[in-house]
Amino acid sequence: MTRYEAVFSAMPRGMDLLNNQELNKGSAFTDEERTELRLHGLLPPHVEVLEEQVVRAYEAYQRKGDDLERHIYLRALQDTNEVLFYQLLLDHIVEMTPIVYTPVVAQACQQFSHIYRRPRGLFISYPLCDSIPALLRNRPNPNVDVIVVTDGERILGIGDQGAGGLGIPIGKLSLYTLFGGIRPDRTLPIVLDVGTNNAERLADPEYLGWRHERIRGQVYFDFIDRFVQAVKQELPGTCLQWEDFATPHAAPILQRYRDELLTFNDDIQGTAAVVVGALLGAVQVVGRLLTDQQIVMFGAGSASIGVADGLRTAMTDAGLSEQDARSRFWLIDSHGLVYSGRGDLTPEKAAYAQPGGCVCGWPRTANGRIGLLDVIGRIEATILIGLSTVGGAFSEAIVREMARKTPRPVIFPLSNPTDKSEAKPEDVVRWTEGRALMATGSPFPPVYYGGRVFPVSQCNNVYIFPAIGLAVVASGARRVTDGMMLAAARELGANSPALKDPAASLLPPLTELRRVAAEIAVAVGLQAQREGIAPRMSEEELRRKVQATQWIPAYLSFTGGGKA
Ligand code: NAI
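Computed from a prediction, not measured in an experiment: that's the story for all the values here.

What counts and how
- Residues numbered from 1 in each chain as written.
- Predicted model: local features only at pLDDT ≥ 70, side-chain atom pairs only at ≥ 80, totals over all residues.
- Heavy atoms only, no water.
- Helix = DSSP H or I, 4+ residues; strand = E, 2+ residues; numbered from the N terminus.
- Rg over C-alpha atoms; globule rule 2.2 N^0.38 Å.
- Buried < 20%, exposed > 50% of the residue type's maximum accessible area, 1.4 Å probe, protein only.
- Areas by Shrake-Rupley, 256 points an atom, 1.4 Å probe, with all protein chains shown as cover.
- Pairing = 2+ DSSP bridges.
- Expected span 1.5 Å × (residues − 1).
- Near = heavy atom within 4 Å.
- Polar contact = N/O pair within 3.5 Å; in protein donor to acceptor, adjacent residues only side chain to side chain.
- Nonpolar A, V, L, I, M, F, W, Y, C, P; charged D, E, K, R; others polar.
- Axes fitted to C-alpha atoms, helices over the stretch in contact; angles between N-to-C directions.
- Contact = heavy atoms within 4.5 Å.
- 1 Å grid on protein atoms, 1.4 Å probe; cavity = no way out; pocket = protein on both sides within 12 Å on 5 of 7 lines; lining within 4 Å.
- Points joined across faces, edges and corners; volume = space filled by probe spheres on them.

## Looking at the overall build of the protein chain
Helix and strand counts for the protein chain stand at 25 helices and 14 strands. At 25 Å, the protein chain has a C-alpha radius of gyration in line with the 24 Å of a compact globule built from 564 residues. Reported as C-alpha extents along the three principal axes, the dimensions of the protein chain are approximately 85 × 55 × 50 Å. Expressed as a percentage of its 564 residues, the buried residues of the protein chain come to 57%. Element-wise, carbon and sulfur atoms account for 52% of the exposed surface of the protein chain, whose accessible area totals about 23400 Å².

So this is what it looks like as structure tokens:
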């Protein structure tokens with residue numbers, strides 16, 4: 001018996017087949033398949049092709065009254081027929097990505113217990129902490145390439161959602177498949193259900209999670225450790241991506257496990273990589289060297305430090321000394337410019353402190369701070385990045401001063417959500433007479449100015465994480481390193497459409513993302529080889545592997561008792 005014949009004879013038949021989202025073709029089962037697989041009578045007689053099914057599915061989608069209903073519809077389709085789900089998404093990628101993932105997935109997490117229909121992924125609840133390996137063995141598919149795991153504590157901007165946080169790994173893994181081409185049956189969403197401190201969830205009689213306050217301290221970290229050890233035992237070599245953990249847990253977990261297994265934290269590493277990638281693209285578009293830039297970072301929190309660290313590494317790679325690289329950064333926090341005379345600096349900020357001597361004669365506010373406008377006024381700033389959560393902080397005076405000093409200022413108001421954005425793109429375009437290169441944190445519509453259209457790129461992690469997943473699967477990398485993240489950022493920057501067309505956006509449109517993800521995956525795989533953490537192969541071979549790994553939604557043929 002050939003392998004195909006063996007698979008065919010083990011295949012479910014009749015209703016079991018129609019209830020299998022991986023194999024189901026619905027009305028697209030041919031007459032021959034219907035005969036061999038005992039489907040006659042269970043389906044309407046007219047046989048369709050995938051394209052016709054997509055048309056009907058889109059009609060049904062359009063009939064839904066609001067975004068949450070559209071999300072529920074798409075999730076139901078995903079649980080019924082994965083090929084149709086992904087083909088529909090591919091055909092309407094710009095319209096449906098925000099419905100499957102952010103921002104609509106936030107509502108899906110809040111409403112999780114009310115819109116729950118069918119199982120997907122794994123719930124690993126604290127009361128079952130003694131049997132985590134057994135829970136992992138209950139996974140629906142034996143082979144897993146990527147796990148996305150959350151503990152539901154810091155879901156997007158909506159905080160603690162307990163077990164409802166599972167909506168995020170489900171949505172995110174859909175994008176791993178949609179853009180990265182990771183096979184859907186080789187993805188595994190997991191929620192570590194360690195309780196919730198969300199009073200609304202705990203009081204909701206329909207809440208489906210463990211009804212208990214969150215476990216904390218050593219008990220929490222011991223539970224995480226049991227989970228990681230179980231993953232290493234049951235699914236060695238699987239990429240484990242941490243998602244939406246609270247800040248006090250995210251960094252220690254990453255630090256503890258990053259050298260122990262194939263793992264990364266998208267909120268920490270992916271976020272920095274996409275911003276660094278967009279900035280590297282912007283610098284190339286304006287035809288300057290990164291090492292010549294003076295970079296002002298308004299906000300010096302975790303996101304800012306991550307971006308500064310990535311840019312600094314790119315500068316030292318390009319030949320600058322560590323000291324010179326650090327001197328290019330001007331960080332500003334809620335106490336003003338970060339400089340060495342300040343006694344309140346954390347070690348992360350102190351690494352970027354400008355020498356107190358350089359700023360001793362600078363103007364100060366009544367409480368002795370050096371503010372953003374004065375920094376911009378005193379230095380030849382070429383890049384201004386906002387990660388401060390202070391809406392409107394980039395005033396007209398600040399933006400005009402940048403535009404006066406440099407022909408193409410790079411201005412990134414990155415704070416989320418929209419009302420926290422440091423500037424509105426339309427203002428930045430107007431104040432710089434269309435000369436600024438811009439990317440934002442929140443989505444903004446294009447700006448019309450002076451008879452031209454200015455598309456506004458959003459620094460969205462989707463530019464990076466599906467490509468990292470694809471890279472580690474195709475290259476066989478055993479770790480995810482900062483060097484691999486920087487390689488991803490560089491390749492994203494090199495794929496900026498604005499490099500070829502000055503009127504185009506800084507970051508590629510979503511419709512280009514599958515192709516760009518493949519390019520990034522090759523660059524990341526090559527970097528993994530350079531670091532000695534992936535098997536050696538030529539670039540062509542790696543490229544072939546990347547292409548072969550990228551799954552494309554298409555129905556298999558199940559006829560002839562085994563002949564494909
Ligand atoms: P955080 O709370 O760690 O840092 C905020 C920083 O802003 C702190 O250094 C604080 O001192 C500073 N700040 C606050 N008020 C200020 C003021 N009036 N003047 C000067 N500085 C002030 O927050 P985190 O995690 O670093 O995120 C910051 C923002 O960036 C958030 O809105 C987040 O949504 C956004 N973000 C956007 C990303 C993207 O576009 N892809 C990626 C990551 C974060």
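## Quick word on the pairing of strand E7 (residues 329–333)
Burial within E7 is extensive, with 5 of its 5 residues counted as buried. Alternating residues of E7 divide into Phe329, Leu331 and Asp333 and Trp330 and Ile332, and every residue in both groups is buried. When strand E6 (residues 295–298) meets E7, the two strands line up parallel, connected through 4 bridges. In the strand pairing of E7, Val296 is matched with Trp330. With 2 bridges connecting them, E7 and strand E8 (residues 336–337) associate as antiparallel partners.

## Examining helix H11 (residues 167–180)
With 14 residues, H11 should reach 20 Å at 1.5 Å per residue; the first-to-last C-alpha distance of 19 Å fits that figure. Counted residue by residue, H11 has 14 buried out of 14 residues, so it is predominantly covered. Gly181 occupies a position one or two residues after H11 and carries a positive phi of about 80°.

## As for the sheet that holds E8
Taken together, 7 strands build an open sheet; the order of strands is E8-E7-E6-E9-E10-E11-E14 and the sheet is mixed. Edge strands, defined here as strands with exactly one partner in the open sheet, are E8 and strand E14 (457–458). With 4 bridges joining them, E6 and strand E9 (residues 383–386) adopt parallel strand pairing. What sits directly across from Val296, in E9, is Leu384.

## A look at the site of the ligand
The environment of the ligand is made up of 19 residues, and the closest members are Thr271, Ala300, Ala303, Asn416 and Cys459. Ala300 has a polar backbone atom sitting 2.8 Å from an oxygen atom of the ligand. In the environment of the ligand, a nitrogen atom lies 3.4 Å from a nitrogen or oxygen atom belonging to the backbone of Asp333. Of all elements in the fold, only helix H16 (302–317) and E7 reach the threshold of two or more residues within the shell around the ligand. In terms of residue class, the shell around the ligand is built from 8 nonpolar, 10 polar and 1 charged.

## A short note on the sheet that holds strand E2 (residues 146–150)
The strand order E1-E3-E2-E4-E5 describes an open sheet built from 5 strands, whose pairing is parallel. Looking along the sheet, the strands with just one partner apiece sit at the ends: strand E1 (122–125) and strand E5 (263–265). Strand-to-strand, the axes of this sheet are offset by a mean angle of 20°, without reference to chain direction. Bridge analysis of strand E4 (residues 239–242) against E5 gives 3 bridges, and the strand direction is parallel. In the strand pairing of E5, Gln241 is matched with Phe264. Along the sheet, helix H14 (residues 247–257) contacts E4 and E5; its crossing angle with E5, the most-contacted strand, is approximately 160°.

## Focus on the layout of surface pockets
Of the pockets and cavities examined, the second largest pocket occupies roughly 370 Å³. Contributing to the lining of the second largest pocket are 18 residues, with Gln21, Pro119, Arg120, Pro140 and Asn141 lying nearest its centre. Per element, the largest residue contribution to the lining of the second largest pocket is 3 residues, and it comes from strand E3 (residues 187–193). A per-class count over the lining of the second largest pocket returns 6 nonpolar, 5 polar and 7 charged.

## Looking at empty space enclosed by the protein
The full count for this structure, using the stated rule, is 2 cavities of 30 Å³ or more. Each pocket or cavity is described by its volume, and for the largest cavity that value is around 280 Å³. Lining the largest cavity are 24 residues, and of these His71, Arg75, Phe112, Ile115 and Ile170 sit closest to its centre. Secondary structure elements with two or more residues in the lining of the largest cavity: helix H5 (67–78), helix H8 (104–110), helix H9 (112–115) and H11. The residue makeup of the lining of the largest cavity, split by class, is 14 nonpolar, 5 polar and 5 charged. In this structure, the second largest cavity encloses a volume near 50 Å³. Lining the second largest cavity, in full, are Gln78, Glu82, Tyr86, Arg120, Ile170, Leu173, Ser174, Thr177, Pro184, Thr187 and Pro189.

## Quick notes on unusual backbone geometry
The peptide bond linking Thr102 to Pro103 adopts the cis configuration, its omega dihedral lying at 5°. Relative to the assigned elements, Pro103 resides in the loop between helix H7 (93–100) and H8. Residue Pro417 is bonded to the preceding Asn416 through a cis peptide linkage, with omega at -15°. Residue placement: Pro417 occurs in the loop between strand E10 (410–413) and helix H21 (425–431). In this model, Glu433 sits at a positive phi of 50°, which is unusual for a non-glycine residue. Along the chain, Glu433 falls in the loop between H21 and strand E11 (437–440).

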